[in-house]
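Examination of the molecular architecture
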Amino acid sequence: MYPLLLTTHSWLRWVVLILAAIVIFKSLAGWLGGGKYTKADNALSASFVGTIHLQLLIGLVLYFAFSPLGLQAFQGGMGAVMSNSAVRYWAVEHITMMIIGAVVIQIGRSRSKRMREAAAKHRTAFIFYAIGFLLVLSRIPWNEAGRMFRGL
């Protein structure tokens, strides 16, 4: 089960990244260009948030149930986790930043949905999605896999 979930989690990141780029670009263009907030904007936004929620859910299942670098890493104590940078990255930094990023993105979706004016919807979506996306980008393991295995 672990390899399937890990592979799904790894590949789903690309869907999240593509959707994030699209909704952030469209939100910025709608805000600066004074465009309407269309059904397509709403659908893309919902797809982005739904996909990031799915990604977070898979990540949480990995963390709490399957990964030796998730909750299981704390069996040796907090000192052991914090003294090993690769273990600390997976057991603390990655999950913390992903949760915060997903929460920021969800707040942006919720706030923009309540707004009536299109420019305000686009502006709010852009600001929150961009901040959340940057938080997520900061802890995507672009080259961490090799370091992870060397650090154990």
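Just above sits the structure.
Below is a short write-up of the structure.

**Let's talk about the pattern of salt bridges**
Applying the stated rule across the entire model yields three salt bridges. Across the pair Asp41 and Lys26 runs a salt bridge whose closest N-O atoms are separated by 3.4 Å. Here Asp41 is found in helix α2 (residues 39-66), whereas its partner Lys26 is found in helix α1 (residues 2-33), with 15 residues between them in sequence. In this structure, Arg88 engages Glu93 in a salt bridge whose closest nitrogen and oxygen atoms are separated by 3.0 Å.

**Observations regarding the packing of α1 against α2**
Between α1 and α2, whose axes approach to 9 Å, the crossing angle comes to 155°. Judged by the inter-axis angle, α1 sits roughly antiparallel to α2. Crossing of α1 over α2 shows left-handed handedness. Here the contact of α1 with α2 is built from residues that sort into 18 nonpolar, seven polar and three charged.

Calculation rules
Residues numbered from 1 in each chain as written. Predicted model: local features only at pLDDT ≥ 70, side-chain atom pairs only at ≥ 80, totals over all residues. Heavy atoms only, no water. Salt bridge = Lys/Arg side-chain N within 4 Å of Asp/Glu carboxyl O. Helix = DSSP H or I, 4+ residues; strand = E, 2+ residues; numbered from the N terminus. Axes fitted to C-alpha atoms, helices over the stretch in contact; angles between N-to-C directions. Parallel < 35°, antiparallel > 145°, perpendicular 65-115°, else oblique. Left-handed = near helix turned anticlockwise from the far one by under 90°. Nonpolar A, V, L, I, M, F, W, Y, C, P; charged D, E, K, R; others polar.

These values are about where atoms sit, not about what they do.
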